[in-house]
Amino acid sequence: MSSRRQFGRFCLSALLCAPAFRLAQADPLIEGSGNVRWRHFTQRMRQQVISPYGQPVRILQLGDSHTAGNHFPDRIRHRLQYTFGNGGVGLIPPGRIGRMPSSGVLVTPAPQWTMRQLRPREPRDEGGRPVAGLGGFVGHGLSAYQTIRYEFTGLTGPLRFFIYFDGYDLDPPFFKLYQGQQERRPVDEKIAGRSVFQLPATKELSLLARGKGDQARLFGVTALSKQPGVVFSSIGLNGASLSTLLEWDNAVTHWQVNDYAPDLLILAFGTNDVVNINFVPEKFQQNLQETAAWVERHAPEAAVLLLLPPHTPLHGPKTHHDLGTARTLMSRFAVQQGWRSWDWSAVTMAQGMSMFQADGIHLTQQGYEKSGEALAKAIIASLHQRF
């Protein structure tokens, strides 16, 4: 057992006393009292310190370009896993994105494998919703029999592996999974477009797509182990708003979230709802209500943390006013839902333009890392709050 865990077994509050943990004076705390789901989440997190033999705690962050750049969620992941242990990998996109999350897996697609963002004419389900995974990404081969290799680091023990896919004009299986030279057979194929594998400890897997193009489309995979600690997955999309989240509402996204079973869901939207859209408070309130319904459909057991968007220093008074209105609506809505909120603008306003890139919207790498550190510490501090 590591000295960090031994120390934590005797005194959970030692986490708050460590020099590396200390909150800066301007760092915001998590607001709101939460509900029974928050109590469950905090109990699970405390258990990671008290006992190193429990089940992992899973956290899922969904958001816009602030999340998609991965500097922000990667720092949250690093701090929480350093403090509570690394619980494994989690959600993996159907290919390589610009900057992959540092979640303990190296994804290497074949040269003829491609991944694209959902297009307007993609197939839709019976409810008219696009058929794609979380983030709206779809991967496929430009020619048949393309592979994706997954190399894992830090995994111990058995692995439960999920594949989410769509295929046309092929007899099953659309995708084959190999551990070394050995083909692995799924233990569950009861749901169309979802295969579940129970695997022994592994460092590398290969996924073979038998078809090309729309013959075999991959929406994502998930790797879950039972090792204790924190699993932190993040999916962001440039330009996403709350209404974008509502597009990720089909059978694929349901099973992705349901199988991952997050203990905490972090929603990091709001900037584009004001900056890129004609902001109407009533419409924004309606999107918040539909977001709550989305959460109830897909993650009914998860605690929810709503991130209030950072300020935009180069925009005019109207944008600043509308962002303030959005934050107020989000904060009030979180209280009504039993969610909790964290005001990101308290961090960015304290630091000023030094945190931002030239566009005054996106943060620098250092700005995102400071923000991620502040949020991770706020999550840890919340474990000592009583409800």
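Here's what I pulled together on the structure shown here. (Residues numbered from 1 in each chain as written. Predicted model: local features only at pLDDT ≥ 70, side-chain atom pairs only at ≥ 80, totals over all residues. Heavy atoms only, no water.)

Looking at the sheet that holds strand β8 (residues 175-179)
Formally: Two strands pair under a simple rule: DSSP has to find at least two bridges between them. Strands are runs of DSSP state E lasting at least 2 residues, helices are runs of H or I lasting at least 4, and numbering of each runs from the N terminus. Lines are fitted to the C-alpha atoms to define the axes, a helix being fitted only along its stretch in contact, and any angle between axes, read from their N-to-C directions, falls within 0 to 180 degrees.
Read from one edge of the open sheet, five strands run β3-β6-β11-β8-β9, paired in antiparallel fashion. Both edges of this open sheet fall to β3 (105-109) and β9 (182-184), since each of them pairs with a single strand only. When strand polarity is set aside, the average angle formed by the axes of neighbouring strands in this sheet is 25°. With six bridges connecting them, strand β6 (residues 146-152) and strand β11 (residues 204-209) associate as antiparallel partners. Residue pairing in the sheet places I148 in a bridge with L207 of β11.

Here's the deal with the side chain of R340
Worth spelling out the cut-off: Two N or O atoms count as a polar contact when they lie within 3.5 Å, although within protein this holds only if one can serve as hydrogen donor and the other as acceptor, and sequence-adjacent residues are included solely when both atoms are side-chain atoms.
Examined against the element boundaries, R340 turns out to sit in strand β16 (residues 340-343). Looking at R340, its side chain comes within polar contact range of the main-chain oxygen of I30, at 3.2 Å. One polar contact links the side chain of R340 to the main-chain carbonyl oxygen of E31, over a distance of 3.4 Å.

Let's talk about the environment of R37
Applicable threshold: Residues count as neighbours in contact if any of their non-hydrogen atoms are within 4.5 Å of one another.
The topology assignment puts R37 in helix α3 (residues 36-50). In this structure, the C-alpha to C-alpha distance between R37 and W339, residues 302 residues apart in sequence, is 8.8 Å. If we skip the residues at most four places from it in the chain, R37 touches E296, P300, E301, A302 and A303. At 3.0 Å, the side chain of R37 and the backbone oxygen of P300 are in polar contact.

Regarding the packing of helix α9 (residues 281-298) against helix α10 (residues 317-337)
Our working definition: Crossing handedness is read from the near helix: turned anticlockwise from the far helix by less than a right angle, it gives a left-handed crossing, and turned clockwise, a right-handed one. Residues were grouped as follows: Ala, Val, Leu, Ile, Met, Phe, Trp, Tyr, Cys and Pro as nonpolar; Asp, Glu, Lys and Arg as charged; and all remaining residues, including Gly, as polar.
It is at 11 Å that the axes of α9 and α10 come closest, and there the two elements cross at 35°. For the pair α9 and α10, the sense of crossing is right-handed. Contact with α9, carried on its side by P281, F284, Q285, L288, Q289 and A292, involves T325, A326, L329, M330, F333 and Q337 of α10 and no other residues of that element. Taken together, the residues that form the contact of α9 with α10 break down as eight nonpolar, four polar and no charged.

Brief notes about the nonpolar core
Using the following cut-off: Residues enter a nonpolar core if they are buried and are Ala, Val, Leu, Ile, Met, Phe, Trp, Tyr or Cys, with the set joined through side-chain atoms within 4.5 Å. The buried label goes to any residue with under 20% of its type's maximum accessible area, the exposed label to any with over 50%, and the partly exposed label to all in between, with areas taken from a 1.4 Å probe on protein chains only.
Residues L62, L267, W294 and W339 are the most contacted members of the largest nonpolar core, which totals 47 residues. Per-element tally for this core: the top contributor is α10, with six residues. Core analysis: the second largest hydrophobic core is formed by 33 residues, I30, W38, F84 and A303 among them.

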